[in-house]
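Summary of structural features
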Amino acid sequence: MVSENIVLTKVINRKLKKCGFCNKELKPIGFDYLYENVSPDCIEYERCDCEKSKKYWAKNDKEDYLKMKREHYRKIINQLYKDSYMKKNYQNMNFENFNKELVNDIAIKIIEDYTEKCIAKKQTNGLIITGTSGVGKTHLAAAIANKLIEKGQIVLIGRLTTLLDKVKETFADNTISENELIELYSNIDMIIIDDLGTERVSKWALEKLYTIIENRNENRLPIIITTRFDKNGLSKRFKEGQDEELADAVINKLYQMCYGVTLINEKRVSKSR
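Within every chain, residues take consecutive numbers counted from 1 along the sequence as written. With pLDDT at 70 or above as the cut-off, local features in this predicted model cover only qualifying residues; side-chain atom pairs require 80 or more to be listed or tallied, and sums for whole chains, interfaces and linings still use all residues. Excluded from the side-chain calculations are hydrogens and water; all other atoms, namely the structure's heavy atoms, are used.

Right, let's get into the packing of helix α8 (residues 203–218) against helix α10 (residues 244–257). Under this scheme, a helix contributes an axis fitted over its contacting stretch, all axes are lines through C-alpha atoms, and angles between N-to-C directions fall in the 0 to 180 degree range. The helix and strand labels rest on DSSP assignments: H or I over at least four residues marks a helix, E over at least two residues marks a strand, and numbering proceeds from the N terminus. Closest axis-to-axis distance for the α8/α10 pair is 10 Å, and the angle between their directions is 30°. Classified by the interaxial angle, the pair formed by α8 and α10 is roughly parallel. The way α8 lies across α10 gives a crossing that is left-handed. Taken together, the residues of α10 that come into contact with α8 (itself represented by K203, L206, E207, L209, Y210, I213, E214, R216 and N217) are L246, A247, A249, V250, K253, L254 and M257. Roughly parallel means an angle under 35 degrees; roughly antiparallel means over 145; roughly perpendicular covers 65 to 115; every other angle is labelled oblique. A crossing counts as left-handed when the near helix is turned anticlockwise from the far one by less than a right angle, and as right-handed when that turn is clockwise. Throughout, a contact is declared for two residues whenever any of their heavy atoms are within 4.5 Å.

Quick look at the structure:
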């Protein structure tokens, strides 16, 4: 029996792997590499401690961590949102089927250029799209979202109350914490808040909105807002029965980190003339 065991555990001819940067021999981890039935490709080696190797593994570990976080965010979104990233009425909106007669070409060009920079991960500033009702703010915001999702980015679009209602649901649901959801809103590639200012905003909602805006600003990630109100109008809406200091902080932070595009209904302008 002893001799049979010796045959079964025949030691392979070991050729230790070397560091690809300094050519130092690397020590295998564990003892599985001793046996003939183990493929050399399955052997795990200790990392080299040379500077180039450290830099390589630091970058590799960061990429693996970010990939893991993205999968975690996708899992949460699929768990909380029945329509995944956006409601069905947003899904068919794109730049191709937008009625370009509604607004001037310059505004559309700015928004399309902004989208391309977001796709290339070269845009860290947000975007505030203002305009009267019916001018196409939501359509263009959804067009941006669909384009980014098409390129594999993680995007959420909806009204502020819709997004924050998910936070409130965490109070009764132990599967996802409030902090996890705020972290998701703070770190995904893009979050789009549609028609901001239309709904009454509580102090609690303002606090959460400020946290999300501040976090995305620190993380150098963009945010898109659509609203029918200008800066002063939005400020008044936020201050209605709320903490005026907090409302000012939200508005100032938002306009500090965002570009602004105003959509003007060209048809209405031409009629008035």
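Let's shift gears to the sheet that holds strand β2 (residues 155–158). Paired strands, as defined in this entry, are two strands with at least two bridges between them according to DSSP. Taking strand neighbours across the sheet as the criterion, the five strands line up as β2-β3-β4-β1-β5 in an open arrangement whose pairing is parallel. Because the sheet does not close on itself, it has two edges, and the strands there are β2 and β5 (258–263). The average angle at which neighbouring strand axes cross in this sheet is 10°, direction not considered. With six bridges connecting them, strand β1 (residues 126–131) and β5 associate as parallel partners. Bridging from a neighbouring strand, G126 pairs with C258 of β5.

Next up on the list: helix α4 (residues 105–119). With 15 residues, α4 extends 21 Å between its outermost C-alpha atoms, agreeing within 8% with the 21 Å of an ideal straight helix rising 1.5 Å per residue. Each residue's exposure class comes from its accessible area (1.4 Å probe, protein chains only) as a fraction of the maximum for that residue type: buried when under 20%, exposed when over 50%, partly exposed otherwise. What α4 keeps buried is the set A107, I108, I111, Y114, T115 and C118. One side of α4 carries all its buried residues, which in axial view fall inside an arc of 125°. Exposed residues pointing more than 90 degrees away from the buried face of α4 are listed as D105 and I106. Tucked inside the fold, the buried residues of α4 contact β1, α5 (137–150), β3 (190–193), β4 (223–227) and β5. Phi for K121, located one or two positions after α4, is positive at around 60°. A helix is expected to span 1.5 Å multiplied by its residue count minus one. The arc in question is the one spanned by the directions pointing from the helix axis to the C-beta atoms.

Our next topic: a nonpolar patch on the surface. A patch consists of residues exposed above 30% relative accessible area that lack any salt bridge, with like charges linked at up to 9 Å and nonpolar side chains (Val, Leu, Ile, Met, Phe, Trp, Tyr) linked at up to 5 Å. Residue burial considers only the protein chains on display, and all accessible areas are found by Shrake-Rupley using a 1.4 Å probe. Counted as salt bridges are all cases of a side-chain nitrogen of Lys or Arg within 4 Å of a carboxyl oxygen of Asp or Glu. A surface patch of nonpolar side chains, about 320 Å² in accessible area, is lined by Y65, L66 and M68. Relative to the assigned elements, Y65 resides in helix α2 (residues 51–80).

Time to look at the pairing of β1. Counted residue by residue, β1 has six buried out of six residues, so it is predominantly covered. A two-sided burial pattern is seen for β1, the buried positions comprising G126, I128 and T130 on one face and L127, I129 and G131 on the other. Here β1 pairs with β4 via four bridges, running parallel. From the neighbouring strand, T130 faces β4, where its bridge partner is T227.

Below, the discussion takes up the pattern of salt bridges. Under the criterion given, the structure shown has 16 salt bridges. Among the salt bridges present, the one from R159 reaches D195, with a minimum N-O distance of 3.2 Å. Taken together, the residues R159 in the loop between β2 and α6 (160–169) and D195 in the loop between β3 and α8 connect sequence positions 36 residues apart. With a relative accessible area of 10%, D195 lands in the buried category. Between E240 and R237 there is a salt bridge, and its shortest N-O distance comes to 3.6 Å. On the basis of relative accessibility, which here comes to 25%, the residue R237 falls in the partly exposed class. One salt-bridge network, in which partners are shared between bridges, spans R159, D195, E199 and R228.

What follows concerns the side chain of R216. Structurally, R216 can be placed in helix α8. By the counting scheme adopted, Arg and Lys are positive, Glu and Asp are negative, and His together with the chain ends is not counted. Buried charged residue R216 carries no salt bridge. Nearest counter-charge: D189, at 7.1 Å. At 2.6 Å, the side chain of R216 forms a polar contact with the backbone oxygen of P222. In this view, R216 contacts Y185, S186, N187, I188, D189, M190, I191, L221, P222, I223 and M257; residues no more than four positions away in its chain are not counted. Any pair of N or O atoms that falls within 3.5 Å is considered a polar contact. Within protein, one atom must be able to donate a hydrogen and the other to accept it, and sequence-neighbouring residues count only if both atoms are side-chain atoms.

With that settled, consider the confidence of the model for the protein. Residues at a pLDDT of 70 or more form 84% of the protein, whose mean pLDDT is 84. For every residue, the pLDDT score states the predictor's confidence, bounded by 0 at the bottom and 100 at the top. Mean pLDDT values for the elements of the protein range from 44 in helix α1 (residues 2–8) up to 97 in β4. Contacts of residues 269–273 to residues separated by more than four positions or lying in other chains number one contact, the stretch itself having pLDDT below 50.

Stacked, edge-to-face and tilted are the three classes for Phe, Tyr and Trp ring pairs, Trp counted by its six-membered ring, which pair at centre distances within 6.5 Å; planes under 30 degrees apart are stacked, over 60 edge-to-face, the rest tilted. Applying the stated criterion across every chain yields a total of two aromatic pairs. The interplanar angle of 50° and the centroid separation of 6.0 Å between the aromatic rings of F21 and Y56 together place this pair among those described as tilted. Here F21, found in the loop between α1 and α2, pairs with Y56, found in helix α2; they are 35 residues apart in sequence, far enough to count as distant. Given a relative accessible area of 44%, F21 falls into the partly exposed group. For the pair Y56 and W57, a centre-to-centre distance of 5.1 Å together with 80° between the ring planes defines the contact as edge-to-face. On the basis of relative accessibility, which here comes to 40%, the residue Y56 falls in the partly exposed class.

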